[in-house]
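Descriptive structure summary
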Amino acid sequence: MSIRYVESKKLFQIETAHSMYQMKINEIGILLHTYYGEKLGNMDMSYQIPSVERGFSGNPYEISTHHEVSLDLLPQEYTSSGVGDHRISSIDAISNNGSRSIDFRYKCHKLLSSKYSIEGLPYVRAHKDDVCTLEIILIDEIIGLEIKLLYGVFESKDIITRTVELTNIGKTTIILEKVDSICIDFLNTNYDLIHFQGRHCMERQFEQNTLNHDIQTISSKRGMSSHQNNPYVILTELATTEDIGNCYGFMLMYSGNHKTEIEVDQTNNTRLVMGINDDYFRWELEPNSVFHAPETILTFSNLGLNKLSQNFHNIIRENICPIQFQNIQRPILINNWEATYFDFDYTKIIKLAKQALEVGVNMFVLDDGWFGNRNNDNAGLGDWIANESKLPGGLTKLSKDLKAIGMNFGLWFEPEMINENSELYKSHPEWVLQDPSRKPVISRNQMVLDLSNIDVQNYIFKSIDKILEGSEIAYIKWDFNRSLSNVYSNALPNSKQGEVSHKFICGTYSLLERLNSKYPNTLIEGCAGGGGRFDAGMLYYCPQIWCSDNTDPIARLKIQKGTSYGYPVSTMGSHVSAAPNHQTGRDVSLKTRGIVAMSGTFGYELDFDKLTDIDKSEITKQIENFKKYYWIIQKGTYFRLTNNKENSFYEAWEFVSKDKTKILLNMVVTNIKANSEIPRIKLKGLEKHLIYHIEGTKEKFTGAALMYAGYVFSLNIEDYQSFQILLVLEK
Ligand code: GLA
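Residues numbered from 1 in each chain as written. Predicted model: local features only at pLDDT ≥ 70, side-chain atom pairs only at ≥ 80, totals over all residues. Heavy atoms only, no water.

Examined against the element boundaries, phenylalanine 608 turns out to sit in the loop between β31 (603-605) and α11 (613-635). Residue phenylalanine 608 is classed as buried on the basis of its relative accessible area of 0%. For the pair phenylalanine 608 and leucine 352, spaced 256 residues apart in the sequence, the C-alpha separation amounts to 6.6 Å. With near-sequence residues (within four places) excluded, phenylalanine 608 lies in contact with Ile334, Leu352, Gln355, Ala356, Val359 and Lys616. (Helix = DSSP H or I, 4+ residues; strand = E, 2+ residues; numbered from the N terminus. Buried < 20%, exposed > 50% of the residue type's maximum accessible area, 1.4 Å probe, protein only. Contact = heavy atoms within 4.5 Å.)

Take a look at the structure:
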């Protein structure tokens, strides 16, 4: 087992293939965090903890003459609160007498030979028996609160998962105001923080800052993981690059309000806590009840950021996304949104489907506008009944007719939303998240349904279920087009309003779970105005997520690259759209649009009437290539070949097939220069002494030449030009 407990030293040691994680129970039962990083053998790492008295750092009563022992200075595995540690804490709670003091001590622990699960929330799945669990229970006997720290160890994948479970073992209600899923203390400073910020149409932009003293926060309180701040951060040692150096990744498997805080303290230790955002959070933990926090996924790499990302890619592909979509080729889509927007009818849809079929597309996705009174974004959300004036015979006829021409059918929903102008609102105004004493905030003309209410969940489930039972639908696009505000449930008493945001996202998870179990082969693609809910929580139910409403390939390079730090390309919804692009007006060749969209789940979203015959035959070829490269792209090892710190005028990236015999190299010029220098692209992950040839040519190179000297493309005088070549290992 990859977990050891050494009783004589009261030491817990977790080991994965390339990392080690250590904790120790100290003389008064505080669970110390002693180490996370490169493997160091069987060393008790507590020798690193300084035994130094410092002013204004108080001492626990039972050891108060030991002035060097202070919670304010010790590295801890999960903090207490209000009892002498003045740094950020991982919990905040109020007990019956109004006190906010919580003081945890070690109670007991267990080693289990399988992975734990979490009730009502997504978690990393264990398929093999090389995953085990460490359970450590801490207790505050005075308020009657037990906290179970859970560790799942995916040894061969270099992944440790963590979560916590709180149980009220007392006789009175405890009000939880903050419950983090993880706390981790490093006895070092000098880290850079990398995180992924953005906005609608420009999600997950890489940002790197050196940590300074005090607290930096990465968070969302929009009721969704958000376009603005992804629930994923990286700490790197300062010299770390894509391929060299130490770095740590922390990903929260959660799609609602989240917060990560990182503090560099007075003596240069670094603490990171991550979990549900405590803003808008207040949970009444009644006697004998349990609160489950979302899971966090941790990995360490001593080979830079590429390896760190690859660790996340493997675990997400194999242990998070629904397993039934792992080994099948996903559909190549035509989506009618950017082709027609709301302006379509049966004839237009069938025509577009036939045109797309001819070039090799195999799934038609009918986007927004097919239901209720939805002719624009003012009305109809909530009324999930086909609009027969646009689609005579409804979805049953449309899906049959598509099937008859050999096209699979997919359908857009926005289940969690409602328009004031809808039949649903007329019959159930109380189902909206809304403070009854005020007018609601309206966004994109819509409001949000109260998913914390089981009646609302049942209504949505029944509406979708009825459509899936009545037509052959192989795919659902699950959209979510606004942030939450007026978060108030009419179904809950005033004292429980602080629970609504979390119960809302649990309601969404429960709906997705019901659909996944009844329709396991219906592929659900997540979406939230593009990539506003691109997170590991959604990926548990939806193996792919529409990456951004920005389909401009040059903007997409940055969005998809930012996304790649945490998430595999097999999860990134990406389509070829029109030129000039609808979001930026940029005019980019079909070739470049194809190369960028291929590093994702692939499809088309444009009006085929506007294509020439030459375009159509180029698309046919693109689809053939995509099919040929499918497994290299979707399951191969992905490497970023351009560094964010360099001011490069191109982007390059590569996929190495699982058996390492094929390498797909991609390059796009993003800002051509006059009289340009020559880019020499250094490949990665090849065998030094072996020979590779470029498919379709006589060119041959040693792996060493390609990795250490680089491959040279000859550039034209043309912006946004692109290259894609396949290198094949010589037998
Ligand atoms: C969101 C999605 C788009 C499209 C529209 C339809 O913005 O991200 O792809 O489905 O909604 O309203």
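Let us look at α11. Helix length check: α11, at 23 residues, gives a terminal C-alpha distance of 33 Å against a target of 33 Å (1.5 Å per residue), a fit within 8%. Taken as a whole, α11 carries its principal kink of about 60° at tyrosine 629. For α11, the full list of buried residues reads Ile619, Gln622, Ile623, Asn625, Phe626, Tyr629, Tyr630, Ile632, Ile633 and Gln634. (Expected span 1.5 Å × (residues − 1). Bend = angle between axes of the 7 residues up to and from the residue.)

Attention now moves to the site of the ligand. In the vicinity of the ligand there are 13 residues, among which Asp367, Asp368, Lys477, Gly530 and Asp549 approach most closely. Interatomic distance of 2.6 Å between a side-chain N/O atom of aspartate 367 and an oxygen atom of the ligand. At 2.6 Å, a side-chain N or O of aspartate 368 approaches an oxygen atom of the ligand. When isolated, the ligand has an accessible area of 310 Å², and the protein chains bury 96% of it. (Near = heavy atom within 4 Å. Polar contact = N/O pair within 3.5 Å; in protein donor to acceptor, adjacent residues only side chain to side chain. Areas by Shrake-Rupley, 256 points an atom, 1.4 Å probe, with all protein chains shown as cover.)

Its place among the elements puts asparagine 481 in the loop between β26 (475-478) and α7 (500-518). For asparagine 481, a relative accessible area of 16% corresponds to the buried category. Among the polar contacts listed, one links the side chain of asparagine 481 to the side chain of aspartate 479, at a separation of 3.3 Å.

Side chains that differ in charge, positive against negative, can pair when their charged atoms come close. All told, the structure shown has 51 salt bridges when counted by the stated rule. Ionic pairing is found between glutamate 286 and lysine 496, a salt bridge with its closest N-O pair at 3.3 Å. In this pair, glutamate 286 sits in the loop between β18 (283-285) and β19 (290-292) while lysine 496 sits in the loop between β26 and α7, placing the two residues 210 residues apart along the sequence. On the basis of relative accessible area, glutamate 286 is assigned to the partly exposed category, the value being 36%. Of the residues examined, lysine 496 reaches a relative accessible area of 16% and is grouped as buried. Among the ionic pairs, arginine 533 bridges to glutamate 416, the shortest N-O distance being 2.9 Å. Within this pair, whereas arginine 533 is found in the loop between β27 (523-526) and α8 (536-539), its partner glutamate 416 is found in the loop between β23 (408-413) and β24 (417-419), the two being separated by 117 residues in sequence. (Salt bridge = Lys/Arg side-chain N within 4 Å of Asp/Glu carboxyl O.)

Once that is clear, we can look at the sheet that holds strand β36 (residues 691-694). Strand order in this open sheet of 6 strands is β32-β33-β34-β39-β36-β37, and the pairing throughout is antiparallel. Edge positions in the sheet fall to β32 (637-640) and β37 (700-702), since each of these pairs with one other strand and no more. The mean angle between the axes of side-by-side strands here comes to 25°, regardless of whether they run parallel or antiparallel. Inspection of the sheet shows β36 paired to β37 by 3 bridges, in the antiparallel sense. Bridge pairing in β37 links histidine 693 to lysine 700. (Pairing = 2+ DSSP bridges. Axes fitted to C-alpha atoms, helices over the stretch in contact; angles between N-to-C directions.)

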